Amino acid sequence: EKVLRCLHAVTPINKENEIASKRRVECVLNHLEHRSGYLSNLNGIFRLRVNTTALMDDSNPESPDEDVISLLSDSEDPEEIVVTYGLNSDGDQVIMAANSPEGAAEEGAAKSRMPQRIDTAILDRSTPCGECILCNAPDCERCFVCLSKGRAETDVCIRKSCCKIPFENKAKSLVGFPHEWQYAFCDPNQGVLVKSPRRILSLAGLVIRRPMLAAFQTPGYQYFHSFEAAFSSVQHEDTSEATKLVESFLSHVHGSDAMKSYPKHFLVGRRFCFEFTNVNGMNVAMFGVISTCFRESSEAETDIFMVQYDSDCIEIAAKSLGTTILRLQLISSEQAWGGCISFERKARIRGRHSVVRSIDQATAVEYWVTPDMRMEEMVEQDDGIKVPMLTILLRGYKFVFSAHNDDEGIAVSVSCISMNVDDGTADESILKPGELIDLGVFCPLSDSDTKPLPVFLLKNYVHNFSIDSYAGDGNGNVYDLTEDAKGTMHLAATKKVLSYVRSCNDTEVPTIHGGLDPSGKVHLLFGVRYRGDWKEYTSIMEEEIQPIFRGEQKEVTLARNAMINEQQEARYLSAMKNFGPVELLQCAKFIGSLFLGSPTAVPSSGMKERLFRVATCLRHRIAELGDPSINVADQLIQRSIDQVKGSQQQQTVTGRHFAPHIAKTF
C-alpha cells in the first residue's frame, strides 16, 4: 500500500471550541467511512483508505468541511489517500489529512506545529532490527508462513516478529476469533518475568488483543498473554464452534503438526468437578463435563482438554457466591484427570470403568481439596506484635499456618494435630496422590491489585525486585499486593498469612504451589504435586509432609520465580526497551500518579537511581518510535522526573521484618 501524508490540515480541539471541533471530527470520519473500503484502529490513530472520486459525490447528507474536501480532492493520488486522527504534542485531538499540494511552505508550517522528532519512516516502522531475540531466533518451521510453498524472501516466520516493532504495526487477524481480534508474537521476556499458572500451550511471547470500545471513541483494548485466557473470554455458541476455533488457531501457528480434536480419549464425556475456596472464604464446587481433548497425534502423550461447566453451577456461583465463572475453559491434562477423579469421589463412583480404576502411576494428576472449616485471624505474640494465622480443619485434622520472625526475616510454618483422641494413624498423610489443600485466594484481594503487565515490570524494577513475591499472573494482568510508592504490602495483604510465604532456595523442595481457580484468581495450595513419578512423589512426601503429621512444625516455601537470577535486571530493561505505544502510555501514567499526585511519593536514593534509569529507557523508546500519539507520555515522564529531582531526598523504610511501623500496620 502507498501511504501518503501531510500535517498542514490540523484541527485542534480545545476548551473554547471543543463541541464544535468534536462534531467536525465525527463528521469528517463518518463521511470518509461512508466512502471508504475499511477502517482500522491503531492505538488512537484512525487510518482510512478512501476513494477520493467517490468522496466528491454529494449523496451523503453529512458533508465535511469544504477545506478538508478541497484538500482531499487536490491529492496527487486521487484513488488512495490516508487521513489520520490522533493527538498532537499538547494532548489535543487533531485531524491530520494526507498529501498536501501546497508545496514546501505548507509542509514547513505543518512541521512547526508538530514535534520536530517525528519521522514517518520510524512511525510506520516495519523493518526488523536484526539484533533482538526474535530476529536471531530460527524459523519455527511449523507456522503457515514457514510451510507456505510460495514463500517469498520477505515473508517472515510469525514467531520472528521483531521485538522493536510495536504490536500495532505487526498485529494480524486472529484466526477463528471474532472480528477485530488481533495477535502478534512480541518480546518473550515480558510474559516469563511473572510466575504464571495459566499457560498450558508453549506459545512464548504471544499477545492477543481485543477491542473494548466502539469506533470514533478513544480506543480501549484488553490484552491477553496466553491463548488459554483469550479463549475463555470469547462467548462461544457451543463446544463444536469452540473446538473449531482452537483447531483453526493452532493450525495457523503450528501447521499440520498442530493439536487436533481427539474424540476417542478416555476422559471425553466424563463428568468433572473443580472445588475451591473463593475470596470470601466460601467453598465453591463447579461441576461440568470434559467436552474435547486436543492432541498432536494418537500416539502423543501431551494433551490439553476443554471443560464445559454446568449452567446451573455458573448461575449459583454468580448469584449466591459472587463468583464469575466462564463456561468453556482450557485445562491441562493433570487437571482433567484430577477433576474427573474428584467428581467420582464426590459421587462415590467405584465401577470397573471408573477413572480411578483406569489410571496408572505414570499419569500426572492434580485436584484441590477444600477445608471443612477455615479461620484467619490476628494473634498476639509474646513481644506484643500481632501476626496473621490461618487455621484449617480437614478430614479430622487441624492445620495451623502461622507467621513468625527469624534471622532471615518473616517465614510461615505449619503444624498439624489430630482431632481424634484415639488415632493410631497419626503418622500417615491424609492426602492422596494428586491432592493439594486449597489455602485460599492469594491475590487479588481488591480491584486495585490488578495492574497491566508493563506497569508491574516497571514497578518491580524501580523497587529493586522486592515485590515479585507478592504478585501473580491473571488474564493479561498482574495481581500485585503492594503499595505503589513504597513497594511494601498494603494493609489487606499484611493480614493474610499467605503473603509471608518465602520462596525456596536451591536446596529446598517447595510445599506451597500457585494455581488459578476457574474465576481467574490466584490460590496457594499445600502439598506435593504428583507429576507421574511415584518414586519422586513418595520420597518428597516422606521428607516434607509426613513429619508434619507426626507433630513436627516445618516451614513451608513457595517455588521461586525462574527469572530471579543474575540476568534479571538485564531482562527487565530489555523488555522495557521494546514497549509499544500502549505500554509506554500505561507506564507514563503510573509514574505520573506517583510523583505528580497529591500527596506525592518521596523516593529513596536507590529508588531514584532506578527510576532515572527507567525514565531514560522509556523516553529513548518514545523517541525511537516517533509516534505523535505518545508525546504526552514523554512529557508526563519528564515532569515526574523534574518533580523528583526537585524534592528533598528522604530515606524510605523497606524490608520484610516485623519492625515497629509494620506492627502499627497490624
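Refer to the structure above for everything that follows.
Summary of the structure given here. This one's a predicted model, so the numbers in the text were calculated from it and none came from an experiment.

A short note on the pattern of salt bridges
Okay, step 1: Enumeration over the complete set of coordinates arrives at 23 salt bridges.
Okay, step 2: For arginine 619, the salt bridge is made with aspartate 634, and the minimal N-O distance between the two is 2.6 Å. Highlighted residues: arginine 619 in helix α18 (residues 605-625) and aspartate 634 in helix α19 (residues 631-646), separated in sequence by 15 residues.
Okay, step 3: Arginine 619 sits in the partly exposed class, given a relative accessible area of 29%.
Okay, step 4: Of the charged contacts, one joins glutamate 624 and arginine 621 as a salt bridge, the two residues approaching to 2.7 Å between their closest N and O atoms. Residue glutamate 624 and its partner arginine 621 are both found in helix α18; the two are separated by three residues, about one turn of the helix.
Okay, step 5: On the basis of relative accessibility, which here comes to 1%, the residue arginine 621 falls in the buried class.
Okay, step 6: Sharing partners across several salt bridges, the network here consists of Lys451, Lys459, Asp480 and Asp484.

Digging into the sheet that holds strand β17 (residues 397-406)
Strand pairing within a sheet occurs via backbone hydrogen bonds; the two strands may be parallel or antiparallel.
Okay, step 1: Ordered in space as β15-β16-β17-β18-β26, the five strands form an open sheet in which the pairing is antiparallel. Single-partner strands in this sheet number two, and they are β15 (373-380) and β26 (554-555).
Okay, step 2: Bridge count between β15 and strand β16 (residues 386-394): eight bridges; the pairing is antiparallel. Paired with glutamate 377 across the two strands is methionine 389, which belongs to β16.

Regarding the packing of helix α17 (residues 581-595) against α18
Okay, step 1: Between α17 and α18, the shortest axis-to-axis distance is 11 Å and the interhelical angle comes to 145°. By crossing handedness, the relation of α17 to α18 is classed as left-handed. Note on element contacts: α18 touches α17 through Met607, Leu611, Leu618, Arg621, Ile622 and Leu625, opposite Pro581, Leu584, Cys587, Ile591 and Phe595.
Okay, step 2: Of the residues in the contact of α17 with α18, the class split is 10 nonpolar, no polar and one charged.

Cut-off values and rules
- For every chain, the first residue of the written sequence is number 1, and numbering continues from 1 along that sequence.
- Thresholds applied to this predicted model are a pLDDT of at least 70 for local features of residues and 80 or more for the giving and counting of side-chain atom pairs; totals over whole chains, interfaces and linings are not thresholded and use all residues.
- Heavy atoms throughout the structure, all of them, feed into the side-chain values; hydrogens and water do not.
- The term salt bridge refers to a pairing of a side-chain nitrogen on Lys or Arg with a carboxyl oxygen on Asp or Glu at a separation within 4 Å.
- Per the convention used, a helix needs a DSSP run of H or I reaching at least four residues, while a strand needs a run of E reaching at least two, with both numbered from the N terminus.
- Residue burial is assigned from relative accessible area. The probe radius is 1.4 Å, only protein chains are included, and a residue is buried under 20% of its type maximum, exposed over 50%, and partly exposed in between.
- DSSP calls a pair of strands paired once it identifies at least 2 bridges connecting them.
- The convention used is that axes are lines fitted to C-alpha atoms, helices contributing only their stretch in contact, and that angles between N-to-C directions extend from 0 to 180 degrees.
- The sense of a crossing depends on the near helix, which, turned anticlockwise from the far helix by less than a right angle, makes the crossing left-handed and, turned clockwise, makes it right-handed.
- Two residues qualify as a contact provided that any one of their heavy atoms is within 4.5 Å of a heavy atom in the partner residue.
- Classification used: nonpolar for Ala, Val, Leu, Ile, Met, Phe, Trp, Tyr, Cys and Pro, charged for Asp, Glu, Lys and Arg, polar for all others including Gly.

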